[in-house]
Every structure is written in C-alpha cells, then in structure tokens.
Amino acid sequence: GIQVEQSPPDLILQEGANSTLRCNFSDSVNNLQWFHQNPWGQLINLFYIPSGTKQNGRLSATTVATERYSLLYISSSQTTDSGVYFCAVENPGTYKYIFGTGTRLKVLA
Amino acid sequence: DVKVTQSSRYLVKRTGEKVFLECVQDMDHENMFWYRQDPGLGLRLIYFSYDVKMKEKGDIPEGYSVSREKKERFSLILESASTNQTSMYLCASSFDRGVIKTQYFGPGTRLLVL
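The structure displayed is predicted, hence computed values, not measured ones.

Rules behind the numbers
Numbers given to residues run from 1 along each chain, matching the order in which its sequence is written. Lettering of chains starts at A and numbering of ligands starts at 1, both following the order in which they are written. Local features in a predicted model are, by the rule used here, given only for residues with pLDDT of at least 70; side-chain atom pairs are given and counted only at 80 or more, and totals for whole chains, interfaces and linings are based on all residues. No hydrogens and no water enter the side-chain calculation; it runs on all heavy atoms of the structure. Here, a disulfide means two cysteine sulfur atoms that sit within 2.5 Å of each other. Only DSSP runs of H or I reaching four residues or more are called helices, and only runs of E reaching two or more are called strands; each is numbered from the N terminus. When a residue's accessible area, from a 1.4 Å probe over protein chains only, is under 20% of the maximum for its type it is buried; when over 50% it is exposed; and in between it is partly exposed. Two residues form a contact once any of their heavy atoms are found within 4.5 Å. Two parts lose some accessible area (1.4 Å probe) when they are put together, and adding that loss for both gives the buried area. Salt bridge, as applied in this entry: a Lys or Arg side-chain nitrogen positioned within 4 Å of an Asp or Glu carboxyl oxygen. Residues adjacent in sequence count toward polar contacts only when both atoms are side-chain atoms; beyond that, a polar contact is any pair of N or O atoms within 3.5 Å, and within protein one must be able to donate a hydrogen and the other to accept it. Residue classes follow a fixed rule: Ala, Val, Leu, Ile, Met, Phe, Trp, Tyr, Cys and Pro count as nonpolar, while Asp, Glu, Lys and Arg count as charged, and any other residue, Gly among them, counts as polar. Between the rings of Phe, Tyr and Trp (Trp by its six-membered ring), a pair exists once the centres lie within 6.5 Å; its type follows the angle of the planes, with under 30 degrees stacked, over 60 edge-to-face, and the other angles tilted. Here, a strand pair is defined by DSSP locating no fewer than two bridges between the strands. A fitted line through C-alpha atoms serves as each axis, taken over the contacting stretch for helices, and the angle formed by two N-to-C directions is quoted from 0 to 180°.

**What to know about the state of the cysteines**
Argument step 1. Applying the stated criterion across every chain yields a total of 2 disulfides over all chains.
Argument step 2. Sulfur-sulfur distance for the disulfide between Cys23 of chain A and Cys87 of chain A comes to 2.0 Å. A torsion of -55° about the S-S bond marks the disulfide between Cys23 of chain A and Cys87 of chain A as left-handed. Of this pair, Cys23 of chain A sits in strand E3 (residues 19-25) while Cys87 of chain A sits in strand E9 (residues 83-90); the two residues are 64 residues apart in sequence, bridging distant segments of the chain. Here Cys23 of chain A and Cys87 of chain A have matching classes, each one buried.
Argument step 3. With a sulfur-sulfur separation of 1.8 Å, Cys23 of chain B is cross-linked through a disulfide to Cys91 of chain B. Between Cys23 of chain B and Cys91 of chain B, the S-S dihedral sits near -75°, and the bridge is therefore left-handed. Within this pair, whereas Cys23 of chain B is found in strand E3 (residues 19-25), its partner Cys91 of chain B is found in strand E9 (residues 87-94), the two being separated by 68 residues in sequence.

Here you go:
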C-alpha cells in the first residue's frame with residue numbers, strides 16, 4: 001500500500017519564524033489533504049491539495065504530484081499554530097485516506 | 001460550515017462492557033469514517049461507510065462493529081471493551097463528488113477502558 005512519510009517529526013520555533021513541513025508519498029494519489037490537530041484533539045482542515053499551490057493567510061501548500069511530495073509553509077508563526085500537522089492521501093480507487101505520522105510543532109512566545 | 005459531532009468527548013468504561021460511540025454529520029455527506037489515534041501510530045482506519053447500511057472494513061476492524069441506519073449517523077460499537085481499546089476515536093465524513101473527497105472531522109472521543 002501507499003506509504004506516507006512526514007518530516008521533520010518534531011519542530012520547535014520562536015514566534016515569528018517561518019517553517020516548511022514536508023510530506024512524501026510512495027505512489028500516485030488523487031487526493032491529498034493537510035490537517036492541523038489542535039491541543040484539544042480536533043483535526044482541522046487546512047488544505048485539500050492534490051496538485052498545485054494554495055494559500056490561506058499565513059499558510060500555503062504546494063503539491064508536486066509527479067514527484068510525490070507536498071509542502072506546507074507556515075510564515076510568521078504564532079503560538080496558536082502549535083499542534084500536530086498531518087498529511088493524508090487517498091489510496092486511489094478506494095475511499096481510504098492514509099495518514100502520515102505527523103509533525104509536532106511547538107511555537108514559543 | 002460542515003459540522004461533525006460525536007456523542008461524548010470523554011468516556012470511561014469497564015472491561016467487557018458494550019460501548020457505543022455515535023457520530024452525526026449535518027452536511028448530507030455520503031461517506032463516513034471511524035479512526036482511532038494512538039501515540040506513535042497516527043490515525044488508523046477502523047471502518048467506513050459509503051452509503052446507508054453499507055460498511056467496509058478498514059485496517060484494524062477487529063473488536064469493532066459499526067451501524068449506519070441513517071445517512072447522517074454512523075455508530076461505532078465495541079462489543080466487549082478491552083484495555084487495548086483505550087484510545088482517541090475520531091469520526092469523519094466526506095462528500096463523494098467525483099474525485100473530490102475532502103474529509104471533515106469531529107472533535108474526537110477519548111475512551112478509557114479500565
């Protein structure tokens with residue numbers, strides 16, 4: 001099956017810093033999503049991005065489907081950005097999303 | 001806004017009890033999912049449903065069953081709870097519109113089995 005790897009596993013930033021999170025996947029996919037899990041456990045949609053680039057405020061994402069990776073950029077980080085960021089890809093032809101093990105981000109004030 | 005709700009945020013049960021976790025979505029989504037999340041293991045799919053009364057096993061269905069009698073509601077059942085089922089349980093739903101299947105998650109249920 002498809003393997004999804006995220007890096008780095010852990011990241012500590014000072015408030016105001018920028019960061020890039022990476023998601024590599026082992027096979028072609030139709031769908032890719034980025035999520036943020038807040039400290040209370042809620043998974044929040046950030047981007048649905050099977051290909052191309054999208055931006056939403058301080059966050060942006062790029063997926064290069066032909067090279068099987070996606071990047072999530074966080075600019076001017078804030079303490080509220082802390083949490084775990086997950087990348088998930090749909091196994092083609094199924095309804096199943098495969099999740100990476102996440103990047104745990106801590107932003108210090 | 002899409003809203004996915006789960007019946008409990010926290011639940012404590014005894015070994016051997018039958019446990020029901022309920023999930024309701026209000027956006028007429030066709031697909032619904034149950035995941036469990038454990039430290040170091042990420043999210044793992046237990047069961048999913050793509051239509052009323054339809055269900056498919058995910059990656060870790062053992063010890064669980066599901067019920068989908070109405071489109072908006074998807075229940076996860078632990079027939080006889082065991083301590084290794086202590087976990088965070090997350091429900092999700094999605095449209096099934098061609099290739100776009102954006103998933104939306106509920107707030108999660110933290111289950112402790114003693």
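**So, the interface of chain B and chain A**
Argument step 1. Tallying the contact residues gives 26 residues for chain B and 18 residues for chain A.
Argument step 2. When chain B packs against chain A, the two sides together hide about 1800 Å² of surface, and 56% of this comes from carbon and sulfur.
Argument step 3. When the buried area of chain B at its contact with chain A is split by residue, Leu43, Lys101 and Phe105 of chain B rank highest and sum to 26% of it.
Argument step 4. For the pair chain B and chain A, the number of links is 0 salt bridges.
Argument step 5. Inspection of the region where chain B meets chain A yields 6 residue pairs in polar contact (both at pLDDT 80 or more).
Argument step 6. Residue assignment for the side of chain B that touches chain A shows that the elements contributing at least two residues are strand E4 (31-38), strand E5 (42-49), E9 and strand E10 (103-105) of chain B.
Argument step 7. Broken down by element, the side of chain B that touches chain A gets its largest block of residues, 4 residues, from E4 of chain B.
Argument step 8. Here the residues of the side of chain B that touches chain A are counted per class, giving 13 nonpolar, 7 polar and 6 charged.

**Considerations on the packing of aromatic side chains**
Argument step 1. According to the stated counting rule, one finds 9 aromatic pairs over all chains in the structure shown.
Argument step 2. Here the aromatic rings of Phe35 of chain A and Phe105 of chain B are separated by 5.3 Å at their centres, their planes lie at 90°, and the arrangement is edge-to-face. Taken together, the residues span two chains, with Phe35 of chain A in strand E4 (residues 32-37) and Phe105 of chain B in strand E10. Pair check on accessibility: Phe35 of chain A and Phe105 of chain B agree, each one buried.
Argument step 3. When the ring of Phe86 of chain A is compared with that of Phe99 of chain A, the centres are 6.4 Å apart and the planes differ by 80°; the resulting orientation is edge-to-face.

**Quick look at the sheet that holds E3 of chain A**
All names here are of chain A.
Argument step 1. If you trace the 5 strands from one edge of the open sheet to the other, you get E1-E3-E8-E7-E6, paired in antiparallel fashion. Strand pairing shows two members of the sheet lacking a second neighbour, strand E1 (4-7) and strand E6 (52-56), which therefore form its edges. Strand-to-strand twist in this sheet, taken as the mean axis angle between neighbours without regard to direction, amounts to 15°.
Argument step 2. Pairing of E1 with E3, which is carried by 4 bridges, proceeds in the antiparallel orientation. Across the sheet, the residue bridging to Glu5 is Asn24, located in E3.

What is shown is where atoms sit, not what they do.
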